[in-house]
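Structural features, examined
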Amino acid sequence: MASTSSHTAASYGVTHDDHHHHEPGFFQKYIFSTDHKVIGIQYGLSSLAFLFFGFLLMMAMRWQLAYPGKAIPVFGALFEKVLGTDMAQGGVMQADLYNSFGAMHGTIMVFLAIVPLAFGAFGNYVTPLQIGAPDMAFPRLNMASFHLYFLGGVVMLGSFFIPGGAAKSGWTSYSPLATLADPVNVIDGQTLWLVGMVLLITSSLLGAVNFITTIIQLRARGMTWMRLPFFVWAQFVTAFLLLLAFPPLEAAGLMQLADNVLGTSFFLPTGLVTSAGQVPVSGGGSPLLWQHLFWFLAHPEVYVLILPAMGVVSEIIANNTRKPLWGYKSMVYAAMSIGFLSFIVWAHHMYLTGMGTKVATFFQTTTMMISIPSVIILTALFISLWGGSIRFNTPMLFAVSFLPMFGIGGLTGLPLGFNASDIYLHDSYYVIGHFHYVVAPGTIFGLFAGIYYWFPKMTGRYMSETLGKIHFWGSLLGMNLVFTPMFIQGMKGMSRRMSDGGATYFGADDIALTLNKSITHAAVLLAVFQLPFIYNFFASIRNGRKAESDNPWGATTLDWATPTPPPHGNFLTEPVVYHGPYEYSAPGAKQGFVAQDRKS
Amino acid sequence: MEIPYTYKPRPDTGLYNAKVGIWLFLASEIMLFGALFSSYILLRVTSPAGEWPMVEKAWPHGLLNIPIGTFNTAVLITSSVTVVLAWAALKMNQFGKFRIYMVITLLCAFGFLGIKSFEYNEKFTHYELRLKNGQVHTGHIEVNGKHAGFWDFGSIYNLERLGKEQVKEISFTADPAKPKPGEKHAEGASHEHKKMTVKVEEISKLDAFILRNHTFFAIYFVVTALHGLHVLGGALVLGYFAFPGAKFWKKNPEQFTNRIEVAGLFWHFVDLVWIFLFPVVYLL
Ligand code: HEM
Ligand SMILES: [Cu+2]
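Below you will find a few notes about this structure. Each chain has its residues counted from 1, following the order in which its sequence is written. The lettering of chains begins at A and the numbering of ligands begins at 1, in the order of writing. Only residues with pLDDT of at least 70 get local features here, since the model is predicted, and only at 80 or more are side-chain atom pairs given and counted; chain-wide, interface and lining totals rely on the full set of residues. To get the side-chain values, take all heavy atoms of the structure and skip hydrogens and water.

By a widely used convention, the size of an interface equals the accessible area lost when the partners come together. Whether two residues touch is decided by their heavy atoms; if any such pair falls within 4.5 Å, the residues are in contact. Listed as interface residues are 44 residues of chain A and, on the opposing side, 36 residues of chain B. Buried area: the sum, over both parts, of the accessible surface (1.4 Å probe) that disappears when the two are put together. In this assembly, chain A packs against chain B so that about 3,200 Å² is buried in total across both faces, 73% of it on carbon and sulfur atoms. Within 3.5 Å is the distance limit for a polar contact, defined as a pair of N or O atoms, with the added protein rule that one can donate a hydrogen and the other accept it, and that residues adjacent in sequence qualify only through two side-chain atoms. At the junction of chain A and chain B, the tally comes to 5 residue pairs in polar contact (both at pLDDT 80 or more). Under the scheme used here, helices are H or I runs from DSSP no shorter than 4 residues and strands are E runs no shorter than 2 residues, and both carry numbers assigned from the N terminus. Within the residue set of the side of chain A that touches chain B, elements represented by two or more residues are helix 7 (189–217), helix 8 (230–261) and helix 9 (287–321) of chain A. Tallying contributions element by element places helix 8 of chain A first for the side of chain A that touches chain B, with 9 residues. All residues other than Ala, Val, Leu, Ile, Met, Phe, Trp, Tyr, Cys, Pro, Asp, Glu, Lys and Arg, Gly among them, are scored as polar; the first ten of these are nonpolar and the last four charged. In terms of residue class, the side of chain A that touches chain B is built from 25 nonpolar, 15 polar and 4 charged.

Below, the discussion takes up helix 17 (residues 531–543) of chain A. All names here are of chain A. In this analysis, the expected span of each helix is defined as 1.5 Å times one less than the number of residues it contains. Over its 13 residues, helix 17 extends 17 Å from the first C-alpha to the last, a length consistent with the 18 Å expected when each residue adds 1.5 Å. Think of it this way: the bend at a residue is just the angle between two axes, each fitted to seven residues, one set ending at that residue and the other starting at it. Within helix 17, the axis deviates most sharply at Phe-537, by approximately 25°. Throughout, exposure labels follow a simple rule: accessible area from a 1.4 Å probe, protein chains only, divided by the maximum for the residue type, with under 20% read as buried, over 50% as exposed, and the rest as partly exposed. Along helix 17, the positions that sit buried rather than exposed are Pro-532, Phe-533, Asn-536, Phe-537 and Ser-540. Residues of helix 17 that are buried in the fold lie against helix 2 (36–66), helix 14 (429–459), helix 15 (465–491) and helix 16 (510–528).

For the rest of this paragraph, the subject is the site of ligand 1. Residues and elements named next belong to chain A. Trp-171, Asp-422, His-426, His-434 and Arg-496 are the nearest of the 23 residues found near ligand 1. Contacts to ligand 1 include Trp-171, whose side-chain N or O atom sits 2.9 Å from an oxygen atom. At 2.6 Å, a side-chain N or O of His-426 approaches an oxygen atom of ligand 1. Those elements that place two or more of their residues in the shell around ligand 1 are helix 9, helix 11 (357–385), helix 12 (394–417) and helix 14. Here the shell around ligand 1 is built from residues that sort into 12 nonpolar, 9 polar and 2 charged. Near, as used in this document, describes a residue that has one of its heavy atoms within 4 Å of the molecule or strand being considered.

Another aspect to go through is the nonpolar core. Residue and element names in this part refer to chain A. Within the largest apolar cluster, 266 residues are counted, with the highest numbers of intra-cluster contacts made by Phe-101 and Phe-230. Broken down by element, this core gets its largest block of residues, 21 residues, from helix 4 (residues 95–131). Setting aside chain neighbours within four positions, we find Phe-230 in contact with Met-310, Gly-311, Ser-314, Glu-315, Leu-325, Tyr-328, Met-331, Val-332, Ala-335, Ile-377 and Tyr-582. We define the nonpolar core as a collection of buried residues of types Ala, Val, Leu, Ile, Met, Phe, Trp, Tyr and Cys that are connected through side-chain atoms lying within 4.5 Å of one another.

It is worth spelling out the pairing of strand 2 (residues 136–142) of chain B at this point. Residues and elements named next belong to chain B. Within strand 2, 5 of the 7 residues are buried, which leaves the element mostly enclosed by the surrounding structure. At least two bridges found by DSSP between two strands are what make those strands a pair. Two strands pair when backbone bridges link them, and strand 1 (residues 127–131) and strand 2 are joined in this way by 4 bridges, in the antiparallel orientation. Considered in strand 2, the bridge of Glu-128 is made with Thr-138. The turn joining strand 1 and strand 2, which pair antiparallel and follow one another in sequence, is formed by 4 residues; a positive phi near 95° is taken by Gly-134. Relative to strand 3 (residues 169–174), strand 2 runs antiparallel, the two being bridged by 4 bridges. By the bridge assignment, His-140 is partnered in strand 3 with Thr-173.

All names here are of chain A. Here the term patch refers to residues with relative accessible area over 30% and no salt bridge, with like charges joined within 9 Å and nonpolar side chains (Val, Leu, Ile, Met, Phe, Trp, Tyr) within 5 Å. To measure how exposed things are, a 1.4 Å probe is used in the Shrake-Rupley method; for residues, cover is taken only from the protein chains shown. Note on definitions: salt bridges are taken to be side-chain nitrogens of Lys or Arg within 4 Å of carboxyl oxygens of Asp or Glu. A cluster of nonpolar side chains, namely Phe-52, Leu-56, Val-524, Val-528, Leu-531, Ile-534, Phe-538 and Ile-541, defines an oily patch on the protein surface of about 690 Å² accessible area. When contributions to the nonpolar patch are tallied by element, the ones reaching two or more residues are helix 2, helix 16 and helix 17. As for its placement among the helices and strands, Phe-52 is situated in helix 2. Judged by its relative accessible area of 47%, Phe-52 falls in the partly exposed class.

As a further point, take the pattern of salt bridges. Per the stated rule, a full pass over the model turns up 17 salt bridges over all chains. The salt bridge partner of A:Lys469 is A:Glu465, with a shortest N-O separation of 3.3 Å. Remark: A:Glu465 and A:Lys469 occur in helix 15; sequence separation between them is 4 residues, near one turn of the helix. On the accessibility criterion, A:Glu465 (29% relative accessible area) is partly exposed. Its salt-bridge partner being B:Glu122, residue B:Lys123 comes within 3.4 Å of it at the nearest N-O pair. With a relative accessible area of 32%, B:Glu122 lands in the partly exposed category. A single network of salt bridges, built from pairs that share partners, joins A:Asp427, A:Arg496 and A:Arg497.

Spelled out as structure tokens, the structure:
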């Protein structure tokens, strides 16, 4: 098949459902679809909605941090009405509400927004296309993954409305707090949180099995391992992390569920006393056990958050520098090392639990080791920019700025990885600054880049460049104004868990408190600059500029060798691969690049 | 384009899709049960001394029914063998034999679950009784002259509940004293079960052998129940293939045989988990 064809689907003279003689109904087509592209879009839209919702929770918290004790404008009255006076008396955010918004912000952002967008949406839509497969290996399982995810989301959201409100013990749900936070209700927010998590975990496990099988089994003829685009490699390693790291959290979740509902003491020690007196449980459990099981998942999870974004960014950088990626193979090996090492660093989140110097030294060492492959990938991407005649379109702007933003996030991780400095920085705003730099201007920028980049494949139209650039520059400014001051607050000793932003904290100083205000203002700025994106996204589906061809960016990978949008089954004829993934600027190539499926 | 390698093996990997899928799934299952086993070890090692006065050590021992556990181990191993024979029968194109072996497998599966539920019931009705004078007994109780029925959660009592229902006294039948190893059973002595009446005000702790009683029971029930759910799930799948799903044999024998192979791999895994579980939880 001609790889560089400049036709859209209609000009092939085929309808999108050419295998099926009957038109599937609405439900079959959009709700119970087994097509990986529809499922990808389902994941994409739901996770963007959750991203937006998680952002709103945080905005309410930011108000409380900047103006503690003042009624929240507009939303305050709504919270009081919907969630009750205990939560928002007179529109003022109470500590319980702050805690539950905090826990749910983290949970929603990690498990319902970023991972489903990075893995569920991009992974589903793009991976089969890039390896030249007609679909995922197990389409019905794929559908089940999405439905479980959706159900998990519904349970999480529903927990806001039950007596006592949603979970309040942080996204990390440390025991015994998580079990004792709501002594009144047995079916409390935490219980629903655990049920929701079990659903989400099951969804991720099925997804991971499906992705790995697909990548191993359904690669097109000629698509050898070292011809896989880096995006696919990133998804492959991510899937392994999910597959092997999530089950221990599922086990821990079941045990915490038993603690909450059946009165067991898996994570409750003997002689536990609260302000209400001795806790009537058998005791004999271990709070540290929860932390170990949680972080055994949650450290690999942070690489689940970052690797897919690295994959997206690599595709876009190669495409827009019109050069092969520098050091493709070392990037692949680096991604594998990250995958392996991320299973043996988890206790760097637990330096303060008194694990002893020998154990701390071990985890400190592995933590320093894992930064090496991260730096390799980052360096390879930086060098890839060197000497390219770069096209600065919106996807590329987001992709390029990913590099320094992730860089800041990674570098600020090093003082956290060293036991000595972490003892001071732990649980301060410095940690918040660190991981938000990696995830927000890092991963989210990578995912924005991906949305702008694959939009023409999904819809046949571009998103507006002008609005895209406004979105980009505004977000870049907003993100940095929000997160840089947090490093200062953290180094001044401000704890991450105070519902009044430290106003009542004896040691708080003026600078840290003033920064609370400036961060909140910057967050409003950031919010405003998301509006052009939201408008652009929906308006461009119908009214965006038409893509000139099936391969408007002049890309080499197979995802662009399909009709637009790709029909059920994706490829019109079975693709065969003859080339590596990034043969841009190849000498003698006609359009300056050699598509992977071009003969000769 | 159709999805390739749904039942024909891919030449370079030598595997069909579902076989890759099941191995990956089993890898995640190993992590799941691995985490629970690790938790068992950690809870046991860090268990505070003096928690369980019936034994010298901190961790209860000897409360599980070893003969029944051994028998159940044999049941599961048998089923693991028959599921292979069922698959082999299909390979040799003997559908009748396949069905017989599947039925035996299913009988084993449900036999296992039935035996397990008797074992569970034994625990739900068995009590630890501590008196304020320091005495500790295990045995069975009657409240208001009533025994607990089979899986009768409604009649599980603890001290709190006795107080709430204003029960003044219960009758208690202590377990027969176990002969120490090497010691002969004294003729006629302590063989009959002695029923005694206990005043509630003299009790310092009363609870059945259920999850909330001790982390030992908590982890025992969680691990074995999760394993039991796997047995049930596996049995349902095997049952489906043995009966309603067997129609597929006519349509595509090769793919049907593969399905049995995949279900069989899962079944072996379930068996294997028990083979670890039994010695760790019952014997050690
Ligand atoms: C590459 C070098 C990195 C190093 C050395 C590093 C190190 C650390 C350390 C030691 C902590 C614990 C701090 C504490 O609680 O005291 C931490 C927290 C965190 N890191 Fe990183 N990190 C790195 C990269 C990343 C990446 C790539 C991500 C994810 C996208 C990430 C996400 C997080 C998150 C979410 C937390 C906070 C979890 C919490 O306590 O709620 N980090 N990091
Ligand atoms: Cu970590």
